[in-house]
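Listed below are the residues making up each chain.
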Amino acid sequence: MIDHMNIKVADFERAKAFYDAAFAPLGATLLYMVPLEYSNGVKMGGYGRERPVYWLHEGTPPAGYHQHIAFTANSRAEVDAFYQAAIAAGGTDNGGPGLRPHYHPNYYGAFVFDLDGNNIEAVCHKPEIGGEA
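Here's a quick rundown of the structure. (Residues numbered from 1 in each chain as written. Predicted model: local features only at pLDDT ≥ 70, side-chain atom pairs only at ≥ 80, totals over all residues. Heavy atoms only, no water.)

Things to note about the overall build of the protein chain
What counts here: Runs of H or I in DSSP of at least four residues are treated as helices and runs of E of at least two as strands, each being numbered from the N terminus. To get the radius of gyration, use the C-alpha atoms; to get the globule rule, take the number of residues to the power 0.38 and multiply by 2.2 Å. In this description, contact between two residues means that some pair of their heavy atoms is separated by no more than 4.5 Å. Every accessible area reported is derived by Shrake-Rupley at a probe size of 1.4 Å, with residue values counting cover from the shown protein chains alone. His is not counted, nor are the chain ends, whereas Lys and Arg count as positive and Asp and Glu as negative. Here the site of a charge means NZ on Lys, CZ on Arg, CG on Asp, or CD on Glu.
For the protein chain, the count of helices and strands is two helices and nine strands. Taking 2.2 N^0.38 as the reference for a compact globule, 133 residues should give roughly 14 Å; the C-alpha atoms of the protein chain span a radius of gyration of 15 Å, in line with that estimate. With respect to the three principal axes, the spread of C-alpha positions in the protein chain is 50 × 30 × 30 Å. For the protein chain, the proportion of contacts with a sequence separation of at least 24, taken over those separated by at least 6, is 53%. By element, 56% of the accessible surface of the protein chain is carried by carbon and sulfur atoms, the whole surface being about 7200 Å². Taken as two groups, the 9 positive and 15 negative side-chain charges of the protein chain have centres that lie 2 Å from each other.

Remarks on the nonpolar core
This is how it is decided: What is meant by a nonpolar core is a set of buried Ala, Val, Leu, Ile, Met, Phe, Trp, Tyr and Cys residues, joined one to another through side-chain atoms within 4.5 Å. Only protein chains enter the accessibility calculation, which uses a 1.4 Å probe; a residue whose area is less than 20% of its type maximum is buried, one above 50% is exposed, and one in between is partly exposed.
Within the largest apolar cluster, 26 residues are counted, with the highest numbers of intra-cluster contacts made by Y19, F23, Y54, L56 and I120. If you tally residues by element for this core, the top one is helix α1 (residues 12–23), at six residues. For L56, the residues in contact, after removing those within four places along its chain, are I7, V9, F12, A15, K16, Y19, K43, M44, G45 and Y47.

Thoughts on α1
Short version of the rule: Each helix should span, by expectation, one fewer than its residue count multiplied by 1.5 Å. Directions are taken from the helix axis to each C-beta atom, and the arc is the one they span. Here a polar contact means two N or O atoms within 3.5 Å. Within protein one must be a hydrogen donor candidate and the other an acceptor candidate, and residues neighboring in sequence count only if both atoms are side-chain atoms.
Compared with the 16 Å implied by 1.5 Å per residue over 12 residues, the 16 Å span of α1 between its first and last C-alpha is a close match. Taken together, the buried positions of α1 are occupied by F12, A15, F18, Y19, A22 and F23. One side of α1 carries all its buried residues, which in axial view fall inside an arc of 125°. Where α1 begins, the capping side chain belongs to D11, and its oxygen is found 3.3 Å from the backbone nitrogen of E13.

Observations concerning helix α2 (residues 76–88)
The end-to-end C-alpha separation of α2 is 18 Å, in line with the 18 Å expected for 13 residues at 1.5 Å each. Those residues of α2 not exposed but buried are R76, E78, V79, F82, Y83, A85 and A86. On its buried face, α2 sits against α1, β6 (92–93), β7 (98–99), β8 (108–113) and β9 (119–124). Remark: G90 follows α2 within two positions and exhibits a positive phi of approximately 110°.

Quick notes on the packing of α1 against α2
Condition: Here the axes come from fitting lines to C-alpha atoms, over the contacting stretch only for helices, and the angles between their N-to-C directions go from 0 to 180 degrees. Roughly parallel refers to an angle under 35 degrees, roughly antiparallel to one over 145, roughly perpendicular to one between 65 and 115, and oblique to any angle outside these ranges. When the near helix sits turned anticlockwise from the far one by under a right angle, the crossing is termed left-handed; a clockwise turn instead gives a right-handed crossing. Gly counts as polar in this scheme, as do all residues outside two lists: the nonpolar Ala, Val, Leu, Ile, Met, Phe, Trp, Tyr, Cys and Pro, and the charged Asp, Glu, Lys and Arg.
Direction vectors running N to C along α1 and α2 enclose 155°, while the axes themselves pass 7 Å from each other. By the angle between their axes, α1 is roughly antiparallel relative to α2. Crossing handedness for the pair α1 and α2: right-handed. Across from F18, A21 and A22 in α1, the residues of α2 making contact are F82, A85 and A86. Of the residues in the contact of α1 with α2, the class split is six nonpolar, no polar and no charged.

This is the structure we're talking about:
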């Protein structure tokens, strides 16, 4: 249902370095930067796997407002790697990798606050099979 979304980041280059690292285990990369002449000089870049769906927009995030965004992982190992990469890139723990059976029996997720305080998550909904989902 969601085609794409956009979040504001206070420091684009810092946020880019964070998301480059955090998204690598999920197979997502920065796919497009809007030319500055089309964005009134504001840095805007889109991440995704096949096309840009998660956009960073340089600007001042609203005070006290933080978003929760969950990204699909293809395996529990991807969730673990996302969490480790996001923490190593400067994110803050908001719930390490693990099952969250209060959502459903196979909900395996990890939560990290990004550099602007947004709660980002990687989640795998697949059951564990032979030691891996």
